[in-house]
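# Working through the structure, step by step
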Amino acid sequence: MIRAVITGSGSALPAQCVTNDALAQRVDTTDEWIQERTGIRQRYIAGEGETTSSLATEAARKALEDAGIDASEIGLIILATATPDHTFPATATQVQANLGCRGGVAFDVHAVCSGFLYALGTADSLLRTGMAKKALVIGAETFSRILDWEDRTTCVLFGDGAGAVVLEAKDVEEDGPGILATRLHADGEHRELLYVDGGPSTTGEVGKLRMKGREVFRHAVVNLADVLKEVLEDASIDAADVDWVVPHQANARILDATARKLNLAPEKVIVTVDQHANTSAASVPLALDVAKKDGRIKPGDLVMFEAMGGGFTWGASLARM
Ligand code: ACO
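What you see is a predicted model, and the numbers here were worked out from it, not measured in a lab.

### A closer look at the UniProt feature "active site" (unreviewed entry) in the protein
Here, the residues flagged by UniProt with the feature "active site" (unreviewed entry) are Cys 113, His 248 and Asn 278. The greatest C-alpha distance among the residues just named is 8.6 Å, despite their covering 166 residues of sequence, which places them together in space. With 33 C-beta atoms packed within 10 Å, Cys 113 lands in the buried category. Residue contacts for Cys 113: discarding those within four places in its chain leaves His 248, Ala 250, Ser 280, Ala 281, Ala 307, Met 308, Gly 309 and Gly 310. Along the chain, the position of Asn 278 falls in the loop between α9 (273-276) and α10 (283-293). Excluding residues within four positions of it along the chain, Asn 278 makes contact with Leu 157, Phe 158, Gly 159, Gln 249, Ala 250, Val 273 and Ser 283.

### A closer look at the packing of helix α7 (residues 213-234) against helix α8 (residues 252-261)
Two quantities define a packed helix pair, namely the angle between the axes and the distance from one axis to the other. It is the contact of α7 with α8, at a shortest axis distance of 9 Å, that shows an interaxial angle of 35 degrees. When you trace α7 past α8, the crossing you get is right-handed. Counted together, Phe 217, Ala 220, Val 221, Leu 224 and Ala 225 of α7 and Ile 254, Ala 257, Thr 258 and Lys 261 of α8 form the full contact between these two elements. Of the residues that constitute the contact of α7 with α8, the class distribution is 7 nonpolar, 1 polar and 1 charged.

Definitions and limits used
Residues numbered from 1 in each chain as written. Predicted model: local features only at pLDDT ≥ 70, side-chain atom pairs only at ≥ 80, totals over all residues. UniProt positions renumbered as here; feature names shortened; annotations may be inferred. Buried ≥ 20, exposed ≤ 12 C-beta atoms within 10 Å, placed from the backbone. Contact = placed C-beta atoms within 7 Å. Helix = DSSP H or I, 4+ residues; strand = E, 2+ residues; numbered from the N terminus. Axes fitted to C-alpha atoms, helices over the stretch in contact; angles between N-to-C directions. Left-handed = near helix turned anticlockwise from the far one by under 90°. Nonpolar A, V, L, I, M, F, W, Y, C, P; charged D, E, K, R; others polar.

Below you can see the structure in the form of structure tokens.
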């Protein structure tokens, strides 16, 4: 059977690391408050010359190297971001140009923190229909540029970064590697709980992130537990057989609450929110890359990806590595 198989991963972070203590010098907050409520210790913030496309390109190059393939073999680039370099063209086309691969398909997906899940699901479908053989799926963000640095309830939560995977269509056995099941959802009813108060067609300004944190938290735990159950059922897999969960890194308390709801052992959950904070669409591929490179996630492992973000949008995907 033809499946989309993850054959490589890569990630990139801005040069500048900002600790909670450093942040507390410009915002009315404390390291203690941030750690207790979110688990975040530090985040990376893009400096001059660092953009969503530059971070995405670096992560993509590392993923290509990890997969052992040349950029010219890539026929599809899907880049998930809510912080594109420009309103248009798609940041994916900038990455395509940077990598020097021409003529394939390249576009952005915008589902905020669920963006990587949406991009992965889309790439999986396109590879299985034969539209392309090898794809780059990237999550990349520079959320620092849409934060209101006067609003301590939001600006402490986010960071910048990028993660990428190479996805290849392969003919595999039933118990072989590849994406086994994916579920994606959206519910526009709740879009005012987490949004940016600007845009090209409304204010003409980029705008700043606004969030009702407590309500987002409540919805996140319920939606994530539901979608994880759906994917396990679709793939006929028991939660106990999942080797690793690579969740969107919003908040350590959301990760704990979701794991508890599904009876998943906390040591199976990959946590990078302490190091990177919430990097929106970049957080899942960044966390995957960290856990692959440090040897935790190995070939053959059953890995669950999940995310929830503005819209609301949410989704999960189960893959054998
Ligand atoms: N430093 C110090 N104090 C703060 C800060 C801060 N950075 N931010 C808020 N406070 C204060 C508030 O002013 C409030 O003070 P008051 O009681 O005197 O009014 C107090 O802390 C409690 O504020 P709450 O907002 O009620 O705090 P809560 O426990 O809900 O934690 C948080 C806030 C961390 C945002 C939490 O609601 C949360 O994690 N929500 C999920 C949001 C999220 O992760 N969004 C990311 C995008 S969506 C996603 O990825 C799932």
